[in-house]
Amino acid sequence: MRLRIKYSKTGQMAFLGHLEMLRLWQRAMRRAGLPVAMSQGFNPHPRLAFGPALALGLESLAEYLDVELAADREPDRVQVELQAQLPPGLEILLVRTIPDQAPALTAVIDVAAYRVTWLKEVDPGLLQQRVESLLARQEVLVRRTGRDGRPRVKDIRPGILKLVLDPSPDLVMLLQCSQAGSVRPEEVLKALALEAPARMVRTGLFARRGDDLLAPEDISG
């Protein structure tokens, strides 16, 4: 059976990278006695799959993990037993069964939501002006370093799906987050040309279905 786990990642856990998180979840599942299925071949490994990567140091209220089990388990029981093996800062929010043929998380998720809270006072009027100006632009060019180490320029404007103050002066973003390309929230802040320190939290991951946004736990196929 396959299970989809939704969890939050806060506090010190935000500073764990992908490989550290992978090892942490593997140990927790082993201690919880979950019969995690293994891949075939010369180097078998647990069948775990995470959602889109989260930037180091960023907290999240909606991360996802798929795990395949070699035997059936009640999702509620898995949640209780697995939570008991996790450190503070990782809280399981739900566990649901998904079909064996369900597509991978990274294949369905294409939108990420973020909330920016300012750590120092900012002028809401100025912030609103900067937001409107940014959304009115045809291009928002940013510099990135490619896998080959060379700098390149990318237009992130098509991937900025929503940018609003809600409630003012908190900034809410909906950004493209897919295999085809992603927009990083820090790039949007840089484009707004605001120097005020801020706390960013990923608040959701979604799949677009027309005009609707579906949470991964509500996707059956």
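Below: a short report on this structure. Given the structure is predicted, the values throughout are model-derived calculations rather than measurements. (Residues numbered from 1 in each chain as written. Predicted model: local features only at pLDDT ≥ 70, side-chain atom pairs only at ≥ 80, totals over all residues. Heavy atoms only, no water.)

Some points on the overall build of the protein
At step 1: Helix and strand counts for the protein come out as five helices and 12 strands.
At step 2: Its C-alpha atoms give the protein a radius of gyration of 19 Å, within 12% of the compact-globule value 17 Å for 221 residues.
At step 3: Its C-alpha atoms give the protein principal-axis dimensions of roughly 55 × 35 × 35 Å.
At step 4: Counting every position in the protein, which comprises 221 residues, the buried fraction comes to 43%.
At step 5: Within the protein, contacts between residues separated by at least 24 positions form 71% of all contacts whose residues are at least 6 apart in sequence. (Helix = DSSP H or I, 4+ residues; strand = E, 2+ residues; numbered from the N terminus. Rg over C-alpha atoms; globule rule 2.2 N^0.38 Å. Buried < 20%, exposed > 50% of the residue type's maximum accessible area, 1.4 Å probe, protein only. Contact = heavy atoms within 4.5 Å.)

Re the environment of T10
At step 1: Following the sequence through the fold, T10 ends up in the loop between β1 (2-9) and α1 (18-31).
At step 2: Residue contacts for T10: discarding those within four places in its chain leaves E59, S60, L61 and G89.

Structural notes on a positive patch on the surface
At step 1: Side chains of R23, R27, R30 and R31 sit close together on the surface and give a patch of like positive charge.
At step 2: Of note, R30 is situated in helix α1. (Patch = residues over 30% accessible without salt bridge, like charges linked within 9 Å, V, L, I, M, F, W, Y side chains within 5 Å. Areas by Shrake-Rupley, 256 points an atom, 1.4 Å probe, with all protein chains shown as cover. Salt bridge = Lys/Arg side-chain N within 4 Å of Asp/Glu carboxyl O. Lys, Arg positive; Asp, Glu negative; His and termini not counted. Charge placed at Lys NZ, Arg CZ, Asp CG, Glu CD.)

Digging into unusual backbone geometry
At step 1: The omega angle of the peptide bond from D166 to P167 is -15 degrees, so this bond is cis rather than trans.
At step 2: Tracing the backbone through its elements, the reader meets P167 in the loop between β8 (160-165) and β9 (171-178).
At step 3: For the bond from S168 to P169, the omega torsion is 5 degrees, close enough to zero to count as cis.
At step 4: Assignment of secondary structure puts P169 in the loop between β8 and β9.
At step 5: Unlike most non-glycine residues, A193 shows phi in positive territory, near 60 degrees.

Concerning helix α2 (residues 75-83)
At step 1: All buried positions along α2 are accounted for by P75, V78 and L82. Burial along α2 is one-sided: seen end-on, the buried residues are contained in an arc of 55 degrees. Counted as exposed and oriented over 90 degrees from the buried face of α2: D76 and V80.
At step 2: Where α2 is buried, its residues contact β1, α1 and β4 (90-98). (Arc of directions from axis to C-beta.)

Considering the nonpolar core
Soluble globular proteins tend to bury their nonpolar side chains together.
At step 1: Ranked by internal contacts, the top residues of the largest apolar core, which has 34 residues, are I160, L163, L171, M173, V188, L189 and L192.
At step 2: Broken down by secondary-structure element, the contributors of at least two residues to this core are β3 (59-68), α3 (105-108), β5 (111-118), α4 (124-136), β8, β9, α5 (185-192) and β11 (198-209).
At step 3: Apart from the residues lying within four places of it in its own chain, the contact partners of L189 are V116, W118, L171, M173, L194 and M200.
At step 4: Counting residues in hydrophobic clusters, the runner-up holds 25 residues, among them Y7, L82, L86 and V95. (Core = buried A, V, L, I, M, F, W, Y, C linked by side-chain atoms within 4.5 Å.)

A word on the pattern of salt bridges
At step 1: Enumeration according to the criterion identifies 12 salt bridges in this entry.
At step 2: Here R96 and D218 are joined by a salt bridge, their closest N and O atoms 3.1 Å apart. Pair noted here: R96 is in strand β4 and D218 is in the segment after β12 (212-214), with a separation of 122 residues, a long-range link.
At step 3: According to the relative accessible area criterion, R96 is partly exposed, its value standing at 37%.

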